[in-house]
Amino acid sequence: LIPRGSARIYAFGTEPDPAFYSRDHDVHENAPIGFRYSDDDGHTWSDVQLIAPTNDPGFLGMSVMRMCETVAGTWILGSHEAHWEANPLSTAQYLLRSEDQGQTWELLPDARPDGWCVPEWLRMDEGRPIALANGDVYLMCRTPMGRLWDARSHDDGKTWTDPAPTTLIHPDAPPMLFMLADGKTMAAFHHNRYCSGPEAYDGLTPGVFLDRGEVWVSLSRDDGHTWDEPRFVFAGALEPTFDAAFQNYQCSYVDAFTDDGVLHLFVPYRWERIVHLTLPEAHLADLPTRRELARD
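A brief structural summary. (Residues numbered from 1 in each chain as written. Predicted model: local features only at pLDDT ≥ 70, side-chain atom pairs only at ≥ 80, totals over all residues. Heavy atoms only, no water.)

This part covers the layout of surface pockets. Looking at the largest pocket, its volume works out to about 620 Å³. Around the largest pocket, the lining comprises 28 residues; the ones closest to its centre are Arg 66, Met 67, Cys 68, Glu 69 and Arg 128. Counting residues per element, the ones that place at least two in the lining of the largest pocket are strand E1 (9-14), strand E4 (68-69), strand E8 (125-131), strand E12 (176-179) and strand E16 (255-259). Here the lining of the largest pocket takes 4 residues from E1, the largest share from any one element. Partitioning the lining of the largest pocket into residue classes produces 20 nonpolar, 4 polar and 4 charged. (1 Å grid on protein atoms, 1.4 Å probe; cavity = no way out; pocket = protein on both sides within 12 Å on 5 of 7 lines; lining within 4 Å. Points joined across faces, edges and corners; volume = space filled by probe spheres on them. Helix = DSSP H or I, 4+ residues; strand = E, 2+ residues; numbered from the N terminus. Nonpolar A, V, L, I, M, F, W, Y, C, P; charged D, E, K, R; others polar.)

If you want it as structure tokens, here you go:
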């Protein structure tokens, strides 16, 4: 994060002390969330500052998606708590919110255990908050229900609507949501597949990973209230040579930024390499829909 009007750079991360918090120590995803800052363009960094929300100082979670800075300068960071001892695993989505550039934080929607989840599966995680030009904040979340879910705030992230499903078809995989260069159009990259049905989503099973092999994009020009018809971006094309199903079809966790009208995509392909793809923003609307692919 580079706050507006500041030369300081902030880097946020989970598991800042691997000697105590890592999957090797059977804590899986729940760990303190911390950040460092740099005043010399990243050459040197401060010590880690751990986030201890005022309403839940002992909060432990996992943060893997981008955070945001709102129009008012508020920082909002998604973090979920996971219970891997449950069968199937359960998760709850929270937000960490700071009005004073990380000096103090509040856990939303409330202190544990009152996070957001889909009641049928006790799952919701990897939430991605994004600041809107009108001052609102939009949140998109991962669920195992075959749709990405969303919520929104009209008061700078203090209170939120109840999460609800979007029209975007997606398996148990993260949202990949970015603002385009105009500052008004959101691009949601999603897999547009949910082939195995909910019975295959008892935790992370092979059916999940089969659905991660394609990436599509839908655009919203009305702050996420509606989304355009999905358009095909790319698909993994290599033979499934890995014994581990989670590697063979992996095209999730795409990161992106725009520069001079060009969209840069970074794909952790098959969990073994980063693939860098570029595409002019103006061409997003020209990508083929499912009907156009079938006709061709």
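The next point concerns unusual backbone geometry. The residue after Leu 108, namely Pro 109, is reached through a cis peptide bond having omega 5°. Arg 112 connects to Pro 113 through a cis peptide bond whose omega is 10°. Looking at the secondary structure, you find Pro 113 in the loop between strand E7 (106-108) and E8. In this structure, Asp 41 is a non-glycine residue whose phi angle is positive, near 60°.

On to the sheet that holds strand E6 (residues 90-98). A sheet is described by the order of its strands in space; here 4 strands give the open sequence E4-E5-E6-E7, paired in antiparallel fashion. The open sheet has two free edges, formed respectively by E4 and E7, since each of these has just one partner strand. Note that E6 and E7 share 3 bridges and pair antiparallel. Each bridged residue has a counterpart across the sheet, and for Arg 97 the counterpart in E7 is Glu 106. (Pairing = 2+ DSSP bridges.)

Tracing the backbone through its elements, the reader meets Asp 156 in the loop between strand E10 (147-153) and strand E11 (164-169). In this structure the side chain of Asp 156 is engaged in a polar contact, spanning 2.6 Å, whose partner is the side chain of Thr 70. Within the structure, Asp 156 has its side chain in polar contact with the side chain of Thr 74 (distance 2.5 Å). Asp 156 has contacts with Thr 70, Ala 72, Thr 74, Ile 76, Arg 97, Gly 135 and Val 137, leaving out every residue within four places of it along the chain. (Polar contact = N/O pair within 3.5 Å; in protein donor to acceptor, adjacent residues only side chain to side chain. Contact = heavy atoms within 4.5 Å.)

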